[in-house]
Amino acid sequence: MRTYRRTHLQTLEDESVHIFRELAAERERPCLLFSGGKDSIVLLRLAEKAFRPARFPFPLLHVDTGHNFPETLEYRDRRVAELGERLIVASVQDSIDKGRVTEETGPRASRNRLQTTTLLDAIEEHQFDAAIGGARRDEERARAKERIFSHRDEFGQWDPKNQRPELWSLYNGRVKRGEHLRVFPLSNWTELDVWEYIRHEEIPLPSIYFAHRRDVFERDGMLYAANPFVKLLPHEKIRKEEVRFRTIGDMSCTGAVKSSAKTLDEVIAEVAAARVTERGATRADDKFTEAAMEDRKREGYF
Amino acid sequence: MSGLDEEAELLRFSTAGSVDDGKSTLIGRLLYDTKTAFEDQLQHVEDVSRRRGDERTNLALLTDGLRAEREQGITIDVAYRYFATKRRKFIIADTPGHVQYTRNMVTGASTASLSIILVDARQGLVEQSRRHAFIASLLRIPHLVFAVNKMDLVGWDEKVFRKIEDEFRDFAARLDVQDIAFIPISALTGANVVDRSADMPWYHGPTLLYHLETVHISSDRNLIDVRFPVQWVIRPQSDEHHDYRGYAGQVAGGVLRAGDEVVALPSGLATTITKIEQHGRPVDAAFAPMSVTVHLADDVDISRGDLLARPNNQPSVGQDLDAMICWMTDKPLSPKGRYALKHTTRWTRAIVTDVLYRLDVNTGHRDEAAGKLGLNDLGRIRLRTTTPVIYDAYRRNRTTGSFILVDETTNNTVAAGMLLAE
């Protein structure tokens, strides 16, 4: 007699596909936040599983800081073309030019926080009532408590102490006009799950996730890619290192890790042995205060 | 997080215990001993503990995520934690011990296959342990583990453990739980959590982690009663797939195969499954919790909210519902209240026709004079819906037997409900 087993990855996929379909059925105008990072790349595969052979019932939205890794943009455009889906680009540069936000200055300037305004403006402009994101609960303390269907008020704000209870797989997709939902199909995935799924599904990734030699400089104990958007401090020097990226964000705040992992198997072996969380290892944006992520999320960040 | 076997299964469990039972220490211990807690997280916890002047590194801080929680030293909300061993991947729904305990325990329990109830060996059976066990049984969690903690503080005494075990067995006999285990541990020292304890040679059962890794969960699902709530109809608007019409959804019960005769509810039309697929790949047998797309022989009118079942094994269809609910908001539920109701993939509206009783979770006493239910109350009510609901009793199927109520003015989820038999 056969046993009706599902592996952990299959169970996670089943749940994520269910979340996608619930969202599509409950909201009229969703969008999928696509950054070109591995989590949003997995979202695209799950959306294929949920809706093919039909097209996705939502466009993709990329919030472009103008400080992307070129490899990410190249990947984004190729992937969107392969899928034949619609991409909307919301540009932080436009927000700066229109005076909606002010560019930070100095050697530690970053456009990370400015993205929130660009994102909320895009949601308003296109009248999106839901935005699907790739955030996971294992990433960060504040995210561990976020709902899968997470409510945002008319200012795009998250109120962590007043969240709707979420039970079984019965998601409450109701919002009032002007409010929206953030929906996180990968809530229950870990970093390792994402990598194992990428391997299992044979999903191509941007090249910077694998070890390569590149110009880097060290700041606050982290390695950053040399890039035209960051001014070096007097003691900082550019050097060549073999590195890869565990997360992909803005060039100005995404650190690299030293690595010789050139294949998926090697990356997975490294992730499995890692002793530091991916955001702790590589994201300056989470380091400012103890509740940096919670604060940005309250304002409407991803 | 050592290399997880690709074939490894997923186990969701919840934890419950009062503030001083050492629940957070136990979770910290599981994360730490399975090498899941990361160095930067531990460093962070050590830094904060030192700043607050805690005597020991406070592993509880690993699980307290929100600023208000850290400031007040309490856990407000259900937090989800993840760890894995070679055998299984685990999702922990960590529910707070006192603040909003019923609402949070019910939430955490709703997706759990197992619940760990922490008991302080020095205190034994207390009111809160009974309450936790009762809610776990109400939510139909198939496996309960009583972790008798702080055995180090009672001199690792077998008599203390056996006395608690006996008391609980008596109490648990009245609960509707299939599988109960008792494990003596010390979360502080790690005894019997991951590694066997030399201090308790009289205990021959499994360690807590071994139990979590091996408890038999595949038979928890209902593989008998075919239930397929239609979630989404896939109809590509393209020439290539002109005639494609797929009914997408997540199997809630039973096993579906191509060639099976099914009936669509509520219409009652009978047809046959021609094909089941996942992303273009044919599926031989679909069972819970698989997300699949089903193709049918006849061009029947089926849409979201409908349900496929076998003709000779059909769920109830009705507008008068009898349910146990947990009330989750400040404004009380009262007779004649009107709410939006979500059940499987269907929204309808409901009016409360009767509040039969409020249930005291500590004593099991039914207060029939209550008349209404307040925040964190459990009780039995009757509802009348505007359209038929296709359901099973919750004890038969946790998916087709559960629902939520939503306040239509605020859109807040205000209640969790478990349907009783017709």
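1. Digging into the overall build of chain A
So, point 1. Across its full length, chain A carries nine helices and 10 strands.
So, point 2. Its C-alpha atoms give chain A a radius of gyration of 19 Å, within 12% of the compact-globule value 19 Å for 302 residues.
So, point 3. In terms of principal-axis extent, the alpha carbons of chain A reach across some 60 × 55 × 40 Å.
So, point 4. A buried classification covers 54% of the 302 residues belonging to chain A.
So, point 5. Within chain A, contacts between residues separated by at least 24 positions form 76% of all contacts whose residues are at least 6 apart in sequence.

2. Comments concerning the sheet that holds strand 5 (residues 149-152) of chain A
Strands in a sheet are paired, the pairing made by backbone hydrogen bonds, and the direction either parallel or antiparallel.
All names here are of chain A.
So, point 1. Here we have six strands laid out as an open sheet, ordered 3-2-1-4-6-5, and mixed in their pairing. Edge strands, defined here as strands with exactly one partner in the open sheet, are strand 3 (87-91) and strand 5. For this sheet the average axis-to-axis angle between neighbouring strands, irrespective of direction, equals 30°.
So, point 2. For strand 5 and strand 6 (residues 180-183), the ladder comprises four bridges, and the chain directions are antiparallel. Residue pairing in the sheet places Ser150 in a bridge with Arg182 of strand 6.

3. Some points on the packing of helix 2 (residues 38-51) of chain A against helix 6 (residues 191-201) of chain A
All names here are of chain A.
So, point 1. Orientation of helix 2 relative to helix 6, taken along the N-to-C sense of each, is 50°, at an axis distance of 10 Å. Relative to helix 6, helix 2 is oriented oblique. In this structure, the crossing between helix 2 and helix 6 has a hand that is left-handed. Two secondary-structure elements touch here, helix 2 through Lys38, Asp39, Val42 and Arg45 and helix 6 through Val194, Tyr197, Ile198 and Glu201.
So, point 2. For the contact of helix 2 with helix 6, the per-class residue count stands at four nonpolar, no polar and four charged.

4. Remarks on the domain arrangement of chain A
Residues and elements named next belong to chain A.
So, point 1. Split by domain assignment, chain A resolves into domain 1 (8-192 + 291-299) and domain 2 (206-286).
So, point 2. Put simply, the middle of domain 1 and the middle of domain 2, counted by C-alpha atoms, are 23 Å apart.
So, point 3. With 22 residues of domain 1 at the contact, the number on the domain 2 side is 21 residues.
So, point 4. Listing elements by their share of the side of domain 1 that touches domain 2, those giving two or more residues are helix 3 (70-83), helix 6 and helix 9 (292-299).
So, point 5. When residues of the side of domain 1 that touches domain 2 are assigned to their parent elements, the largest contribution, three residues, is made by helix 3.
So, point 6. Taken together, the residues of the side of domain 1 that touches domain 2 break down into seven nonpolar, nine polar and six charged.

5. A word on unusual backbone geometry
So, point 1. Omega for the bond connecting Arg52 of chain A with Pro53 of chain A falls within 30 degrees of zero, at 10°, which places this linkage in the cis form.
So, point 2. Topologically, Pro53 of chain A is positioned in the loop between helix 2 and strand 2 (60-64).
So, point 3. Put simply, Leu265 of chain B and Pro266 of chain B share a cis peptide bond, and its omega is 10°.
So, point 4. Within the secondary structure, Pro266 of chain B sits in the loop between strand 11 (261-265) and strand 12 (269-278).
So, point 5. You will see that Glu202 of chain A, though not glycine, has its phi angle at about 55°, which is positive.
So, point 6. Among the structural elements, Glu202 of chain A can be located in the loop between helix 6 and strand 7 (212-219).
So, point 7. Looking at Glu202 of chain A, the number of C-beta atoms within 10 Å reads 8, which means it is exposed.

6. Description of helix 1 (residues 23-33) of chain B
Residues and elements named next belong to chain B.
So, point 1. Most of helix 1 sits out of view: nine of its 11 residues are buried.
So, point 2. Within the sequence span of helix 1, burial applies to Lys23, Ser24, Thr25, Leu26, Ile27, Gly28, Arg29, Leu30 and Leu31.
So, point 3. Taken together, the buried residues of helix 1 touch strand 1 (9-16), strand 2 (79-84), strand 3 (88-94), strand 4 (114-120), strand 5 (143-149) and helix 7 (208-214).
So, point 4. Just downstream of helix 1 lies Lys35, where phi reads positive at about 60°.

7. Description of the confidence of the model for chain B
So, point 1. Summary statistics for chain B give a mean pLDDT of 89 and a share of 91% for residues scoring 70 or more.
So, point 2. Across the assembled chains, the prediction reports ipTM 0.93 with pTM 0.93.

8. Some remarks on helix 6 of chain A
Residue and element names in this part refer to chain A.
So, point 1. Burial of helix 6 is extensive: eight of the 11 residues sit out of reach of the surface.
So, point 2. Listed in full, the buried residues belonging to helix 6 are Glu191, Leu192, Asp193, Val194, Trp195, Glu196, Tyr197 and Ile198.
So, point 3. Phi for Glu202, located one or two positions after helix 6, is positive at around 55°.

9. Considerations on the pairing of strand 8 (residues 222-225) of chain A
Residue and element names in this part refer to chain A.
So, point 1. Across four bridges, the pairing between strand 7 and strand 8 is antiparallel. By the bridge assignment, Glu218 is partnered in strand 8 with Leu223.
So, point 2. Here strand 7 folds back onto strand 8, and the loop between the two strands holds two residues, one of which, Asp220, carries a positive phi near 50°.

What counts, and at which threshold
Residues numbered from 1 in each chain as written. Chains lettered and ligands numbered in written order. Predicted model: local features only at pLDDT ≥ 70, side-chain atom pairs only at ≥ 80, totals over all residues. Helix = DSSP H or I, 4+ residues; strand = E, 2+ residues; numbered from the N terminus. Rg over C-alpha atoms; globule rule 2.2 N^0.38 Å. Buried ≥ 20, exposed ≤ 12 C-beta atoms within 10 Å, placed from the backbone. Contact = placed C-beta atoms within 7 Å. Pairing = 2+ DSSP bridges. Axes fitted to C-alpha atoms, helices over the stretch in contact; angles between N-to-C directions. Parallel < 35°, antiparallel > 145°, perpendicular 65-115°, else oblique. Left-handed = near helix turned anticlockwise from the far one by under 90°. Nonpolar A, V, L, I, M, F, W, Y, C, P; charged D, E, K, R; others polar. Domains from an automatic or database assignment. pLDDT = per-residue confidence, 0-100.

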